[in-house]
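Structure assessment
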Amino acid sequence: RYEYESWGGSYVEDFLEVILGFGVLVCFGIVCPVLVVLALLMQTVEYRLLAYRMTWVTCRPFPNGSSGIDEWTKVLEVIIYVSMVINSLLVVATMRTSLDNMSRTSKFLFVSGYFMVMVIIKVFMKIFLHEPDRNIVEAIDQNNEFLEAAYRARRDKEPQRRLSQLDMEHAAVDKVHIGVGDT
């Protein structure tokens, strides 16, 4: 069965495994970038094993509708901010860079500045790359479908209306008097 603390796993446990793998990767991937490729490979294998277990062992749970990953988004946000701090501290504390000759105050200012730049980049990305809510996208799609149907209906009636308008215009031209000659 696919429920919490069962041998078949659960939504929470499966998502937690993926989130923890992501957290370790973004927090400590800067130490050894070569391991990022290995981590990607291992995460892919784990994902496929979870998919196999869900489809063949636990026989896929009954699908429930969801608007997204809701609370997990907040967890991912926290992990991303924590990783920014950890990465900046790792650059200063463990890596051999030109920062080794700086004073503690300069290193602290570097870490603070690095963190602030990363936060500003993240905020700009969140503002400019924001995905609209599902309800808004569905409403826009319905509006576009309605407009397309209305346009098609109008286009189909358009040739008939043009002919009738042209007939009326020709009939009106015959009766126009400009004040010269016989009436």
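Quick notes on the rules
Residues numbered from 1 in each chain as written. Predicted model: local features only at pLDDT ≥ 70, side-chain atom pairs only at ≥ 80, totals over all residues. Heavy atoms only, no water. Helix = DSSP H or I, 4+ residues; strand = E, 2+ residues; numbered from the N terminus. Buried < 20%, exposed > 50% of the residue type's maximum accessible area, 1.4 Å probe, protein only. Contact = heavy atoms within 4.5 Å. Areas by Shrake-Rupley, 256 points an atom, 1.4 Å probe, with all protein chains shown as cover. Phe/Tyr/Trp six-rings, centres within 6.5 Å; stacked < 30°, edge-to-face > 60°. Expected span 1.5 Å × (residues − 1). Patch = residues over 30% accessible without salt bridge, like charges linked within 9 Å, V, L, I, M, F, W, Y side chains within 5 Å. Salt bridge = Lys/Arg side-chain N within 4 Å of Asp/Glu carboxyl O.

1. Points about the overall build of the protein chain
What the protein chain contains, in helices and strands, is 5 helices and 0 strands. Along the protein chain, helices and strands appear, N-terminal first, in the series α-α-α-α-α. Counting all 183 residues of the protein chain, 16% fall into the buried class. Partitioning the contacts of the protein chain with sequence separation of at least 6, the portion at a separation of at least 24 is 61%. Summing over all exposed atoms, the protein chain offers an accessible surface of approximately 15,000 Å²; the carbon and sulfur share of this is 66%.

2. Things to note about the packing of aromatic side chains
One pass over the structure, following the stated rule, counts 3 aromatic pairs. Between the aromatic rings of F124 and F128, the centroid separation amounts to 6.0 Å while the plane-to-plane angle is 10 degrees, which identifies the pairing as stacked. Of this pair, F124 and F128 both sit in helix α4 (residues 104–128), 4 residues apart, which is roughly one turn of the helix.

3. Observations concerning α4
Its 25 residues give α4 an end-to-end C-alpha distance of 36 Å, which sits within 8% of 36 Å, the value for a rise of 1.5 Å per residue. The complete set of buried residues in α4 reads V111, V119 and K122. Elements in contact with the buried residues of α4: α3 (71–93).

4. Overview of a nonpolar patch on the surface
On the surface, V117, I120, I121, V123, F124, M125, I127, F128 and L129 cluster together into a nonpolar patch covering about 910 Å² of accessible area. Here I127 shows up in helix α4.

5. Considering the pattern of salt bridges
Applying the stated criterion across every chain, the model contains 5 salt bridges. One salt bridge in this structure joins K74 and E71, with 3.4 Å as the shortest N-O distance. Separated by 3 residues within a single helix, K74 and E71 lie in helix α3, roughly one turn from each other. Comparing K74 with E71, the two get one shared label, exposed.

6. Examining α3
Counting along an α-helix, one turn takes 3.6 residues, and residues three or four places apart therefore face a common direction. Taking 1.5 Å of rise per residue, 23 residues should cover 33 Å, and α3 covers 33 Å from first to last C-alpha, within 8% of that figure. Within the sequence span of α3, burial applies to W72, E77, I79, S83, M84, N87, S88, L90, V91 and V92.

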